[in-house]
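Structural features, examined
The lines below spell out each chain.
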Amino acid sequence: MKKYLTPFCAALAILSLSSCGNTTKDKLKINQLEPSMGEEMAVNTQVTNSPKKRVFTDFIYDIGPRFRPVKREVVQKARSIDAFISKEELDKIEHIKSVTVTIIDGYIISDIIETGTSASFSEAQLKLLKGSDYSTNLMIHVEFQQMNAQINTVKNNYASSYLTIIPEKQASYLFSEETLKDYLRVQSEESRVGLDPKKLRPAKLYFTVTKDGSVENVRLDKSSFYPVVDGTMITLIKNLPGSWTPAENANGEKVKQELVLSFGLLGC
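Residues numbered from 1 in each chain as written. Predicted model: local features only at pLDDT ≥ 70, side-chain atom pairs only at ≥ 80, totals over all residues. Heavy atoms only, no water.

1. Comments concerning the overall build of the protein
- Helices and strands together make up the secondary structure of the protein, namely seven helices and 13 strands.
- Within the protein, residue pairs in contact and separated by at least 24 positions form 75% of the contacts whose partners lie at least 6 positions apart.
- Looking at the protein as shown, the accessible area adds up to about 14,600 Å², and 51% of this sits on carbon and sulfur atoms. (Helix = DSSP H or I, 4+ residues; strand = E, 2+ residues; numbered from the N terminus. Contact = heavy atoms within 4.5 Å. Areas by Shrake-Rupley, 256 points an atom, 1.4 Å probe, with all protein chains shown as cover.)

In structure tokens form, the structure reads like this:
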């Protein structure tokens, strides 16, 4: 039994009581598709009926930055790839062919790209890094030649580091993160009755915690291919009882932070 079971039960009771008044409204919202979900999701509009009402339980939840978190201070002080590429990968490098710093928007590599030819960042790359705000997603991609000692030849290789810039103090929910995850599991059980695991896909839902602790800009970035599940998660995040403690920068000032809720199956 998990250590947080007792506080979870209490917190869940509070959350459930706080949200019961919106039950009818939420059920209506659950069956509404967000415009961004796309036509491709229509393939699984209805969950398969199951006589035993089996609930798919292997449902992965994660709440946090999109990629590996890195504080803005670290990004602004970085002068070379050493700040972002692991020592294991650095030790493989015999000769660098190119270093690319790119902004990633969701699953799209944007046209905001700066390329250099050495381990040290160019002026343009440094300007891009220093100008990146909180919740910016970055990719540092290094193309290099690696020595194969066994046959005394070099081969082409690469290393990529995916990063999300986070505030010095990240946003946090009123209750613990584990309690929040369990609440989402319990409240979304009905939408998972009879799910076919072979059709379920890894899904991601973006939302922003504002300076006053409210939630805005809730959007589905990647569908689970089950609209009823996607709609349930959207509704739960939009109407989550309680409040968030806003993120703070190095000066203790409140700032916005974008977070990502991952659900469905484990995946990228």
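2. Structural notes on the sheet that holds strand β5 (residues 137-148)
- Sheet architecture is open: five strands sit in the order β2-β6-β5-β3-β4, paired in mixed fashion. Looking along the sheet, the strands with just one partner apiece sit at the ends: β2 (68-71) and β4 (108-116). Across the sheet, the axes of successive neighbouring strands diverge by a mean angle of 35°, strand direction being ignored.
- For β2 and strand β6 (residues 153-166), the ladder comprises four bridges, and the chain directions are parallel. (Pairing = 2+ DSSP bridges. Axes fitted to C-alpha atoms, helices over the stretch in contact; angles between N-to-C directions.)

3. Looking at helix α7 (residues 227-238)
- Spanning 12 residues, α7 covers 16 Å between terminal C-alpha atoms, matching the ideal 16 Å at 1.5 Å per step.
- The buried fraction of α7 is high, at 11 of 12 residues.
- By the burial criterion, the buried members of α7 are Pro227, Val228, Val229, Asp230, Gly231, Thr232, Met233, Ile234, Thr235, Leu236 and Ile237. (Expected span 1.5 Å × (residues − 1). Buried < 20%, exposed > 50% of the residue type's maximum accessible area, 1.4 Å probe, protein only.)

4. Description of the confidence of the model for the protein
- Counting all residues, the mean pLDDT for the protein is 82, and 77% of those residues have values of 70 or more.
- Confidence over residues 1-10 falls short of pLDDT 50; this stretch has seven contacts with residues more than four positions distant or in other chains.
- Counting contacts from residues 17-47, a segment whose pLDDT is below 50, to residues more than four positions away or on other chains yields 39 contacts. (pLDDT = per-residue confidence, 0-100.)

5. Side note on the pairing of strand β8 (residues 203-209)
- For β8, a buried count of seven out of seven residues is recorded, marking the element as mostly surrounded by other parts of the structure.
- Here β8 shows no split at all, with Ala203, Leu205, Phe207 and Val209 on one side and Lys204, Tyr206 and Thr208 on the other all buried.
- Where β8 lies against strand β13 (residues 257-263), seven bridges are found, and the strand directions are antiparallel. Within β13, the position partnered with Thr208 by the bridge is Glu258.
- Joining the antiparallel neighbours β8 and strand β9 (residues 215-222) is a turn of five residues, in which Gly213 adopts a positive phi near 90°.

6. Focus on the side chain of Gln146
- Here Gln146 shows up in strand β5.
- Within the structure, the side chain of Gln146 is placed 2.7 Å from the side chain of Asn157, a separation counted as a polar contact.
- Apart from the residues lying within four places of it in its own chain, the contact partners of Gln146 are Lys92, Glu94, Thr153, Val154, Lys155 and Asn157. (Polar contact = N/O pair within 3.5 Å; in protein donor to acceptor, adjacent residues only side chain to side chain.)

7. Quick word on the nonpolar core
- Core analysis: the largest hydrophobic core is formed by 52 residues, its most contacted members being Leu261 and Phe263.
- Among residues more than four places away in sequence, those in contact with Leu261 are Tyr61, Asp62, Ile63, Leu184, Ala203, Lys204, Leu205, Phe207, Met233 and Ile237. (Core = buried A, V, L, I, M, F, W, Y, C linked by side-chain atoms within 4.5 Å.)

8. Structural notes on the packing of aromatic side chains
- Summed over the entire model, instances satisfying the criterion amount to seven aromatic pairs.
- Ring geometry for Phe84 versus Phe121: centroids 6.2 Å apart, planes at 40°, classification tilted. Placement of the pair is Phe84 in the loop between α3 (72-77) and α4 (87-90) and Phe121 in the loop between β4 and α5 (123-130), with a sequence separation of 37 residues.
- The class for Phe84 is buried, based on a relative accessible area of 4%.
- Accessibility expressed as a relative area gives 7% for Phe121, which makes it buried.
- Three or more aromatic residues joined by ring pairs form one cluster here, namely Tyr173, Phe175, Phe207 and Trp244.
- Stacked on the ring of Phe59, the Lys or Arg Arg192 has its end atom at 4.7 Å from the ring centre.
- The ring of Tyr206 is capped by Arg219, whose NZ or CZ atom sits 4.3 Å from the centre of that ring. (Phe/Tyr/Trp six-rings, centres within 6.5 Å; stacked < 30°, edge-to-face > 60°. Lys NZ or Arg CZ within 6 Å of the ring centre and 35° of its normal.)

9. Some remarks on the sheet that holds β13
- Taken in spatial order, the four strands make up an open sheet running β1-β13-β8-β9, and their pairing is antiparallel. Edge positions in the sheet fall to β1 (62-64) and β9, since each of these pairs with one other strand and no more. Ignoring strand direction, the axes of neighbouring strands in this sheet form an average angle of 20°.
- Most of the contacts of helix α6 (residues 177-187) go to β1, to which it runs at about 135°, and overall it touches β1 and β13.
- Relative to β9, α7 is tilted by about 160°, and along the sheet it contacts β8, β9 and β13.

10. Quick look at unusual backbone geometry
- One non-glycine residue, Ser135, adopts positive backbone phi at about 75°.
- As for its placement among the helices and strands, Ser135 is situated in the loop between α5 and β5.
- Ser135 gets classed as buried once you look at its relative accessible area, which sits at 15%.
- Backbone geometry at Phe225 places phi at a positive 75°, although glycine is not the residue there.
- By secondary structure assignment, the location of Phe225 is in the loop between β9 and α7.
- Judged by relative accessible area, Phe225 falls into the partly exposed class, the value being 23%.

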